[in-house]
Amino acid sequence: MRPINEMKMTLESRSVNESFARTAVAAFAAQLDPTVEEINDIKTAVSEAVTNCIVHAYRERVGLIYITAAICDGGLVRVRIRDRGCGIPDVHKAMEPLYTTLGGERSGLGFTVMESFSDRVRVRSTPGKGTSVVIEKRIRGRQECHG
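Here is what the cut-offs are and how they apply
- Per-chain numbering applies: the sequence of each chain, read as written, is numbered from 1 onward.
- Two thresholds apply to this predicted model, a pLDDT of at least 70 for residue-level local features and 80 or more for giving and counting side-chain atom pairs, whereas whole-chain, interface and lining totals are computed over all residues.
- Note that water and hydrogens are dropped before the side-chain values are worked out from all heavy atoms of the structure.
- We define the nonpolar core as a collection of buried residues of types Ala, Val, Leu, Ile, Met, Phe, Trp, Tyr and Cys that are connected through side-chain atoms lying within 4.5 Å of one another.
- Remark: exposure states derive from per-residue accessible area (1.4 Å probe, protein chains only) relative to the maximum for the residue type, with buried under 20%, exposed over 50%, and partly exposed in between.
- Numbering of helices and strands starts at the N terminus; helices are DSSP runs of H or I of at least 4 residues and strands are runs of E of at least 2.
- The contact criterion used throughout is that any non-hydrogen atoms of two residues lie within 4.5 Å.
- A helix's residues, less one, multiplied by 1.5 Å, set its expected span.
- Between any two strands, pairing holds if DSSP finds at least two bridges.
- Whenever a carboxyl oxygen of Asp or Glu lies within 4 Å of a side-chain nitrogen of Lys or Arg, that contact is scored as a salt bridge.

1. Points about the nonpolar core
Counting residues in each nonpolar core, the largest one holds 37 residues, and the members touching the most others are V25, I67 and I81. In terms of residue count, helix 2 (residues 36–57) provides more of this core than any other element does, 9 residues in total. In this structure, V25 is in contact with M7, M9, I42, V46, I67, A69 and V79, ignoring residues within four places of it in sequence.

This is the structure:
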């Protein structure tokens, strides 16, 4: 599906940039007149994906996070969050609830949260080269909620 409108941004993998990333993507998606619940779903999913880049992909160093958000036909919002970090050796295992490579205070629910707040999540990763997460959310918007 080809985008009707698209935005791109690149951020450093610093925790202070997580809220900016989710707010920027939400502001871009606002052109579809989403409900508060739909915009919060997008913010939550993007927040989880960006946090994964910060915490897992680059671990103890700062790298770049590449975000592309697109509006497609039928109110589809597609967000791609990509890094050039350490990559994920076993994506299937990493997407299991409660799985984490870090332990401690990490719950291992990042991908589970993304999936529950999105219509579709796709993850591709190559160890040593990075990870790409594509989140899709269809916005039905306020018009459909009122009749």
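Moving on from the coordinates now.
2. So, helix 2
The end-to-end C-alpha distance of helix 2 is 30 Å, a good match for the 32 Å that 22 residues give at a rise of 1.5 Å each. Looking one or two places after helix 2, you find R59, whose phi comes out positive at around 40°.

3. Description of the pairing of strand 5 (residues 130–138)
Among the 9 residues that make up strand 5, 8 are buried, leaving the element largely enclosed by the rest of the structure. As paired elements, strand 3 (residues 76–83) and strand 5 share 7 bridges and run antiparallel to each other. In the sheet register, V77 faces strand 5, and the bridge partner there is K137. Summarising the sheet, strand 4 (residues 120–126) and strand 5 pair through 7 bridges and their orientation is antiparallel. In the strand pairing of strand 5, R124 is matched with S132.

4. Quick notes on the pattern of salt bridges
The tally for this structure, following the rule as stated, stands at 5 salt bridges. The salt bridge partner of E18 is R22, with a shortest N-O separation of 3.1 Å. Remark: R22 and E18 occur in helix 1 (residues 18–29); sequence separation between them is 4 residues, near one turn of the helix. The salt bridge involving D41 is made with K137; its shortest N-O contact spans 2.9 Å. Remark: K137 occurs in strand 5 and D41 occurs in helix 2; sequence separation between them is 96 residues. Residues D41 and K137 agree in their burial class; the two are buried. Residues participating in the shared-partner salt-bridge network are R78, R122 and E136.

5. Looking at unusual backbone geometry
A positive phi angle, near 55°, is found at D33, a position not held by glycine. With respect to the helices and strands, the residue D33 is situated in the loop between helix 1 and helix 2. Positive phi is not limited to glycine here, since R59 has a value of about 40°. When you line up the elements, R59 lands in the loop between helix 2 and strand 2 (64–72).

By themselves, these figures tell us nothing about what the structure is for.
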